Amino acid sequence: MSWGIILILILLAAIKPVFCAALVITFDFYWIVRTLYLTTLLVLAHQKLRRQKNRNWLADCRALKECKNWQGLYHLVIFPVYKEGLDILRPSLAAIRDTNYPKDKIIVVMAFEERHQPSRQLSEELEREFKDCFFGYLTSMHPDGLPGEARTKGANATWAAKKARDFLDAKGIPYERVLLSCFDADTCVEKEYFGCLSYHFLTTPNPHQASYQPIPVYNNNIWNAPSLARLVEISASYCQMIESMRLEKFVTFSSHSMSFKTIVDIDYWPVNMISDDSVVYWKAFIFYNGNYRVVPLYITVSMDVAYSSNLWRTLAVQYKQKRRWAWGVENFPFVLSRFFNNNDIPFLLKARRAFHLLESHVTWAIWAVIITLLAPLPVLLGGALFHQMPIGYNLPLITGLLLRFTLGTSLVWILLSRTMLPPRPRDVPWMKNIVMVLEWVIVPLIILILGSTPALDAQTRLALAKYMEFYPTEKKRKVV
């Protein structure tokens, strides 16, 4: 569908330039309305996040009625690890240790890959430092090449969760009293994260039939990251904030939480799919016959901006990361095949969710191509007659209006980004503040390179059965 739309517009630009121009103009106006709508949602989400920023969630848990026994909850945190070093892992564990939540209710599992040789030494160093900080501290080594598994984060997380299950059984802890958080290795939680998660779990109807999604921000190394990488990751945070306002379309992403009972009931994460963080939502959605949702948590978890030692390597790192995210299009055949075999989910609900899933991936793959590359084609291929027509005169003006409108909304994005930054490190000069405002002028270039291309790449690979392996994103905390 994505390639069909693009190729049809190219063909129409050559043989029916007026019709093609009308389609492009219609799309431009649609995109202006869409951008205004999404920017409004972004502002609303930011306001929610700001209002709850300094909330003492643990105090709110204590204020609940006796029937809401928050003291009986345990938090199990799994960190799937592959090639991350101590500079990444130690701050993630320290952030959990420093949370405003009883540590005798927290269990941590560091899930290493056996195929990575330094894992043994890393695990021993971390265990010496953190094993006495929590109720439980476990280290798992995921074997390589297990039957039916691919080299994915979901396979590692599933192995770790089964090890944690043995620990819970040995301690006699019921699964329904355990909240599971599966975090990327670089995830640093806020001090109130577990209080916030506990409060929402205790106050949500049917809490086992929900996932709990915080807002991801990429603040761990944002002051040291190059402009291109920083802007891309800020945009990713904005997308998640917007999605948190559209609950019917909201799906888990990256670091998130859910009931341990639920992960056991649905038989854990997929062990042979790359997009494990979203597929696990769909597994639960289908298991509970559509009665499953994602509850937004307006509290942040901080991760790393992905970049490398120079511009070209940074571009490659960002491209591969976004292509991996776009590989989430594999959810569509996964979901649709199971929808056909499930008669307990209402038909209209299945149709609506399938359409949302398909539309989001097709739009991702074509929007930047249409706006940046296809919009000028009717002018270039239309000939002299097309240039003499009103539509030939207006097409460039309307396309320019769209770009100016996008730049106007960028002012809102700039202001919001400034409010979400962590304090400037002492070793970063004050002039970096100016750079971080002026760098937004390269947004059109980022749209051209990283807007639709990774999604088209992922969809084409899937269509041709050129299946990807899980790409672990390179992480750095200092400028190289």
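Residues numbered from 1 in each chain as written. Predicted model: local features only at pLDDT ≥ 70, side-chain atom pairs only at ≥ 80, totals over all residues. Heavy atoms only, no water.

Caption draft 1: Region of the structure containing the environment of Leu336. On the secondary structure map, Leu336 appears in helix H12 (residues 331-340). Spatially, the C-alpha atom of Leu336 lies 10.0 Å from that of Leu357, the residues being 21 residues apart in sequence. (Helix = DSSP H or I, 4+ residues; strand = E, 2+ residues; numbered from the N terminus.)

Caption draft 2: Representation of unusual backbone geometry within the structure. Backbone geometry places Asn206, a non-glycine residue, at a positive phi of 45 degrees. Among the secondary structure elements, Asn206 is positioned in the loop between helix H7 (193-203) and strand E6 (210-217).

Caption draft 3: Highlighting the sheet that holds strand E4 (residues 178-182). The sheet built from 8 strands is open, its strands ordered E3-E2-E1-E4-E7-E6-E8-E5 with mixed pairing. Each end of this open sheet is capped by a strand with a single partner; those strands are strand E3 (136-142) and strand E5 (188-189). Where E5 meets strand E8 (residues 293-302), 2 bridges bridge the pair, whose relative direction is antiparallel. Across the sheet, Cys188 pairs through a bridge with Ser302, a residue of E8. (Pairing = 2+ DSSP bridges.)

Caption draft 4: Spatial organisation of helix H10 (residues 276-287). Helix length check: H10, at 12 residues, gives a terminal C-alpha distance of 16 Å against a target of 16 Å (1.5 Å per residue), a fit within 8%. Burial analysis of H10 places 11 of its 12 residues in the buried class, which makes it a mostly covered element. Within H10, burial applies to Asp276, Asp277, Ser278, Val279, Val280, Tyr281, Trp282, Lys283, Ala284, Phe285 and Ile286. Buried residues in H10 make contact with helix H6 (153-171), strand E7 (256-259), helix H9 (260-265), E8, H12 and helix H13 (347-374). Of the residues trailing H10, Asn289 is marked for its positive phi of about 55 degrees. (Expected span 1.5 Å × (residues − 1). Buried < 20%, exposed > 50% of the residue type's maximum accessible area, 1.4 Å probe, protein only. Contact = heavy atoms within 4.5 Å.)

Caption draft 5: Representation of the packing of H10 against H13 in the model. Two elements in contact, H10 and H13, have axes separated by 13 Å at closest approach and are oriented at 170 degrees. Regarding the angle of H10 to H13, the classification is roughly antiparallel. Between H10, through Tyr281, Trp282 and Phe285, and H13, the contact on the second element is made entirely by Leu349, Arg353 and Leu357. Residues belonging to the contact of H10 with H13 are distributed by class as follows: 5 nonpolar, no polar and 1 charged. (Axes fitted to C-alpha atoms, helices over the stretch in contact; angles between N-to-C directions. Parallel < 35°, antiparallel > 145°, perpendicular 65-115°, else oblique. Nonpolar A, V, L, I, M, F, W, Y, C, P; charged D, E, K, R; others polar.)

Caption draft 6: The packing of aromatic side chains, seen in detail. Going through the model one piece at a time under the given rule, you end up with 22 aromatic pairs. With a centroid separation of 5.7 Å and an interplanar angle of 70 degrees, the aromatic rings of Phe183 and Tyr193 are classed as edge-to-face. With Phe183 in the loop between E4 and E5 and Tyr193 in helix H7, this residue pair connects regions lying 10 residues apart in the sequence. Residue classification places Phe183 among the buried positions, given a relative accessible area of 0%. Residue classification places Tyr193 among the buried positions, given a relative accessible area of 0%. Taken together, a centroid distance of 5.8 Å and an interplanar angle of 5 degrees make the contact between Tyr288 and Tyr292 stacked. Note on Tyr292: relative accessible area 4%, which makes it buried. Through pairs of rings, three or more aromatic residues link up here, namely Tyr281, Trp282, Phe285, Phe287, Tyr288, Tyr292 and Phe339. (Phe/Tyr/Trp six-rings, centres within 6.5 Å; stacked < 30°, edge-to-face > 60°.)

Caption draft 7: Structural context of the pairing of E7. Pairing analysis gives 4 bridges linking E4 to E7, with the strands arranged antiparallel. Counterpart to Leu180 in the pairing with E7 is Met258.

Caption draft 8: How the structure looks around the pairing of strand E2 (residues 106-113). Counted residue by residue, E2 has 8 buried out of 8 residues, so it is predominantly covered. Burial of E2 is two-sided: the residues Ile106, Val108, Met110 and Phe112 facing one way and the residues Ile107, Val109, Ala111 and Glu113 facing the other way are all buried. Pairing analysis gives 6 bridges linking strand E1 (residues 74-80) to E2, with the strands arranged parallel. Paired with Phe79 across the two strands is Met110, which belongs to E2. Considered for its hand, the β-α-β crossover made up of E1, helix H4 (residues 86-97) and E2 is right-handed. Two strands pair when backbone bridges link them, and E2 and E3 are joined in this way by 7 bridges, in the parallel orientation. Directly across from Phe112, in E3, lies its bridge partner Met141. For the handedness criterion, the β-α-β arrangement of E2, helix H5 (residues 119-130) and E3 is classed as right-handed. (Right-handed = clockwise from strand over helix to strand, strands pointing away.)

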